[in-house]
Amino acid sequence: MARYFRLWCVCIGVLLSFRSLDCSRYAEPLMATKDGDIIIGGLFPVHESVHLKDNDNGEPSERECTRFNAAGMLQALMLIEAVETINRSPLLGNLTLGYRIVDSCSDVTTALAVTQRFLDVYSSICPQEDWKTTSWNNSTASRPVDVLVGGYHSEISIAVARQLSIKHIPQISYGSTAGILSDKSRFPSFMRTVPEDNFQAQAIVDVLEAHGWTWVGLVTTDGDYGLYAAQRFREHAERRGICISFSVVLPDILEDTKLMAGIRSTVRHLEDDPKVGTVVSFAKPGHMTRIVQELTPNATGRVWIASDTWATSKRVVEGTRLTDVGVILGVTLKSARTSRFERYLEGLNPNAAAHQHNAILQEYLWAEGRNITQPHLGETLKKKIYPYAVFSVGLAVKAVAQAVASLCTNRDCREGKNFEPWQLKHALRTATFEFDGTTYSFDDHGDLNSEYELVLWKEDQDGVDVHDIVAEYNIASRQLHFVGDGQEKTFRLTGNITSKCSESCPLGHRKVTQRGRPTCCYECTKCPNNTFSNETDADECVKCGMDQWSKAGSHTCIDKTVLFFDWNEAFAIVLLSFTALGMILTLLVLMVFLDRWNTPVVKASVRPISLLLFASLLGKFTSAVLFVGRPNDLQCRARQVLFGISFTLCAACILAKSLKIILAFQLDPSVKLILAKLYQPYLIITACVSVQVVICTTWLTLNSPHASRVIAEREIILQCNEGQFMFFGLMLAYIGLIGLMCFLIAFKGRKLPDNYNEAKFISFSMVIYLICWVVFGPVYVQARASVLLPGVEMIVILISSYAVLCCHFLPKCYIILFKSQCNTREVFSRKLWEFVRRKAPEPQSSSVPESGLSEDRPDSFHGVSRSSSLSSSLSDSESPLPSKEEMSQDPGRMSPESGIFILPLTPDSLTPTPLDSPLASISLNNIIQQT
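On a predicted model such as this, the values are computed, not experimentally measured, just so you know.

**Q** Can you help me understand the sheet that holds strand S3 (residues 38–44) in this one?
**A** Sheet architecture is open: six strands sit in the order S2-S6-S3-S7-S8-S9, paired in mixed fashion. If you trace the sheet from one side to the other, it starts and ends with strand S2 (31–34) and strand S9 (190–192), each paired once. Direction aside, neighbouring strands of the sheet carry axes that sit 20 degrees apart on average. Direction of pairing for strand S8 (residues 171–173) relative to S9: parallel, over a ladder of three bridges. Its bridge partner being in S9, Ile-172 is matched across the sheet by Met-191. Contacts from helix H2 (residues 70–88) reach S2, S3, strand S6 (97–103) and strand S7 (147–149) within the one sheet, and its direction differs from that of S6 by about 175 degrees.

As structure tokens, then:
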């Protein structure tokens, strides 16, 4: 109800406005009429303005239409030609179209007055008017029009649309583009064959963006069209980063006293800001004509973007050279083929008296003079054709004809009977019609969205050509595309014109806008490290990818160098050479040991445990190789596990041999007995290795080592991530614990006989091992993101491996290969007996006969050998000590308690020892060789 109430209020307001018409006197408007069954009203701007003559005595002002507009007249002729074409076609059958065309004088009040006549309510509103002429009393004026085509300006269409909505008379505009007219709640009867200004604003912004013009001026009028178009332009420009340097709103009426002030303001802005190289204008042709006349030398040379209101109005530059103004690019509505209309113009009768029902054409012919003839008349008029008007007006007439054909299929519509205006409106809204081979229809808003065309003004021998189409703007795709060589022609004139507040930021820079200044006024700063910009005037720098980097001010990113401990690196080659040398030495030593398997030196080295040591050394050298090359998950897991188990096996073997030293030279029989029961070398080795296996298995199960990438500023380091660092530390700590035990035990046996004493070598190798791994800890923590970290770990592995190899096996190889005279039973026995004598304190009282050993004396050595613990410890039986000849045949034996080879003592090395001497408690099977 509220909606209908507002509508009635609007109707009452319109009626009251016409009550005021009797207060003014109007000159008879120009018009053209033709009888027909369906009457099309036409509202065209044959004149551009209205002049008011004020009377001092208070009488109503006289309104006189001024500035005859030949383009408006041609638009009226386009409607006439289209109607005649339809009437000649079989589309309507026995129905004909008629027309009643009047001049709106480009004035809203005048347009409302003449539209009221279309509604046939003249006599009730303006009874005192002087418009009662014969032209308004014929048959076509006796009833309202059935449909209205017009007006051209949006301000006129908005006012007329409200007036026609009272009786639901449909209206089709061929030029009104204001967006408000798409609102069907306010303009239910309005339709148009042109797109709304929102699309025009988009097209203009696309033109500016294609040229890189971001600092522009804006000129518009205060009418509905100008204000709406400027508003939409601002919105689209802001979204595209285009700034408006100045904006001038001119009065819509040319006779307004404030008009010149606005024009001078426009010129002054152009003079003051030379950076503004482009001006967008939604003004009317009359406004632009005066602006061009006022331009000063400092305000010329700009690019003018013309809206559809003056895009093809060449009279704007009449009396002025186009080159003095600048470059003009016009955004105009879609054009049509004009050949048919041109033929119509060529056939016009130049005699004004022949056009009694067309006062519009008569006035033009009278103004041209009686001497005008064809083909001069046709050629003159063809130069004033606006191709877009041919399309828009012709399409409107075709839509009416198609709607009438559809509506009157099953009814008799002669003389406009048997249908209501709203029925024709509905038929128009649902009609589908064809024009120039293309099918069109109105959308839900009553709009018909076709295309825009970009025209480039250029001078020719006849003046200025305003119909050179260089580009098209497709509304559906929202894209501007140049046609033919249009882009070349356009940029030839506009390419050297800049319109920017600040110079473009080069590649590798970004814009920084200062507070309080427009976004188009900025400074250029370099993109920081690891960012880039590959376009000019970049708002932001783009971050490089994780695998890329860049210097400050870069326009592209560089791939980061992928680093890992490569096979080809000199450092890696050196370490691999030492690794290969270590493996070769280990294999050579193993071959030497196998070749001299039954010699005393090899037997004294505990052959089975030595073999395990060789295997562990080969495992350590192999694990070192796995630290080189591009890491992968399998390699990362294998190298640490192999390294940990190999080192544990090595340390466990050394621990077992160290314990044998303590057991072999233990002088306390009770302690010795306990150690002998507890000592199980292979069980000890297995237990030690098993603990490490458990640690590594848990590590691999919970969070195993894996290949990872360390992203540095300019590099990507490929390395192994140890997963759970706790397990890595636990593995190293466990190896270090066993090594420390080896060192302590070996240090305790450092004074044993040289031939059996490896404590010094074990201690030395363990000290090297512990120092290396203690140093490795902080180095590993500090260098975790270094490509050389695997090399550091390789160095530690190689040093500790070489320490074991050199300290444990190379001295023995030296004896075997170069000191073979020392690799005999006699040498080993002599060294052992010398150690025994050093350990035995001097007896308090003793008498030893010079004759040497006597078989009869109980305190003789032989007596002791047979009856004392020493003799019992030499063998498991009570047999006497063998003779020298027998001993020379005895190669030695394996100790049943320790499993260590024992060399016999020769008689030549024996000396008498008192029974009460501590030496008597030493058993020969305690004298062992420590590996």
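Read on, since the account is not over.
**Q** Would you explain the environment of Ala-336 in this entry?
**A** Considering the arrangement of structural elements, one finds Ala-336 in the loop between strand S14 (326–333) and helix H11 (339–346). Between the C-alpha atoms of Ala-336 and Phe-435, which are 99 residues apart in sequence, the distance is 9.2 Å.

**Q** In this structure, what is going on with the sheet that holds strand S17 (residues 451–456)? I would like to understand it.
**A** Pairing between the strands of a sheet comes from backbone hydrogen bonds, and it takes one of two forms, parallel or antiparallel. Within the open sheet, the eight strands sit side by side as S11-S10-S12-S13-S14-S17-S20-S21. Their pairing is mixed. One side of each edge strand has no neighbouring strand; the edge strands of this open sheet are strand S11 (243–250) and strand S21 (479–482). Along the sheet, successive strands turn relative to each other by an average axial angle of 20 degrees, direction set aside. Two strands pair when backbone bridges link them, and strand S13 (residues 302–306) and S14 are joined in this way by five bridges, in the parallel orientation. If you follow Ile-305 over to S14, its bridge partner there is Leu-329. This element, helix H7 (residues 224–239), spans strand S10 (215–221), S11 and strand S12 (278–281) of the sheet and lies at about 160 degrees to S10. Here helix H8 (residues 259–272) sits on the sheet and contacts S10, S11, S12 and S13; the angle it forms with S11, its principal contact strand, is near 160 degrees.

**Q** Explain the packing of aromatic side chains here, please?
**A** Given two aromatic rings, their pairing is described by the distance between the two centres and the angle made by the two planes. Counted by the stated rule, this structure contains 19 aromatic pairs. With 6.0 Å between their ring centres and 20 degrees between their planes, Phe-341 and Tyr-344 make a pair best called stacked. Separated by three residues within a single helix, Phe-341 and Tyr-344 lie in helix H11, roughly one turn from each other. Each of the two residues, Phe-341 as well as Tyr-344, counts as buried. Among the aromatic residues, ring-to-ring pairing joins Phe-44, Tyr-152 and Tyr-174 into one connected group.

**Q** For this particular structure, what's the right way to read unusual backbone geometry?
**A** Keep in mind that most residues, glycine aside, have a negative phi and that most peptide bonds are trans. Residue Gly-151 is bonded to the preceding Gly-150 through a cis peptide linkage, with omega at -10 degrees. Along the chain, the position of Gly-151 falls in the loop between S7 and helix H5 (154–164). Note the cis peptide between Gln-374 and Pro-375, where omega equals 5 degrees. Summarising the element assignment, Pro-375 is placed in the loop between helix H12 (359–368) and helix H13 (376–382). Located in the positive-phi region is Arg-67, a residue other than glycine, with phi close to 60 degrees. Position of Arg-67 relative to the elements: it lies in strand S5 (residues 62–68). Here Arg-67 falls in the partly exposed class, since its relative accessible area comes to 33%. You will see that Asn-418, though not glycine, has its phi angle at about 65 degrees, which is positive. Counting through the fold element by element, Asn-418 comes out in the loop between helix H14 (387–407) and helix H15 (421–430).

**Q** Mind showing me how you'd approach the packing of H8 against helix H9 (residues 285–294) here?
**A** Helix-helix packing is described using two parameters, namely the angle between the two axes and the distance between the axes. Running from N to C, H8 and H9 cross one another at 50 degrees; their axes reach a closest spacing of 10 Å. For the element pair H8 / H9, the angle class is oblique. The two elements H8 and H9 meet at a crossing, and its hand is right-handed. On H9, the residues that touch Leu-259, Met-260, Ile-263 and Val-267 of H8 are His-287, Arg-290, Ile-291 and Glu-294. In terms of residue class, the contact of H8 with H9 is made up of five nonpolar, one polar and two charged.

**Q** Just to check I follow, could you spell out the pattern of salt bridges for this structure?
**A** Pairs can form between side chains of opposite charge whenever their charged atoms are close. Counted by the stated rule, this structure contains 22 salt bridges. Of the charged contacts in the structure, one is a salt bridge between Lys-284 and Glu-155, with a shortest N-O distance of 4.0 Å. Within this pair, whereas Lys-284 is found in the loop between S12 and H9, its partner Glu-155 is found in helix H5, the two being separated by 129 residues in sequence. The exposure class assigned to Lys-284 is buried, which follows from its relative accessible area of 10%. With a relative accessible area of 9%, Glu-155 lands in the buried category. For the salt bridge of Glu-346 with Lys-382, the shortest nitrogen-to-oxygen distance reads 2.7 Å. A residue pair is termed long-range when its members are at least 10 positions apart, and Glu-346 in helix H11 and Lys-382 in helix H13 qualify at 36 residues. A relative accessible area of 39% means that Glu-346 is categorised as partly exposed. What makes Lys-382 buried here is its relative accessible area of 18%.

Here is what the cut-offs are and how they apply
- Residues numbered from 1 in each chain as written.
- Predicted model: local features only at pLDDT ≥ 70, side-chain atom pairs only at ≥ 80, totals over all residues.
- Heavy atoms only, no water.
- Pairing = 2+ DSSP bridges.
- Helix = DSSP H or I, 4+ residues; strand = E, 2+ residues; numbered from the N terminus.
- Axes fitted to C-alpha atoms, helices over the stretch in contact; angles between N-to-C directions.
- Contact = heavy atoms within 4.5 Å.
- Phe/Tyr/Trp six-rings, centres within 6.5 Å; stacked < 30°, edge-to-face > 60°.
- Buried < 20%, exposed > 50% of the residue type's maximum accessible area, 1.4 Å probe, protein only.
- Parallel < 35°, antiparallel > 145°, perpendicular 65-115°, else oblique.
- Left-handed = near helix turned anticlockwise from the far one by under 90°.
- Nonpolar A, V, L, I, M, F, W, Y, C, P; charged D, E, K, R; others polar.
- Salt bridge = Lys/Arg side-chain N within 4 Å of Asp/Glu carboxyl O.

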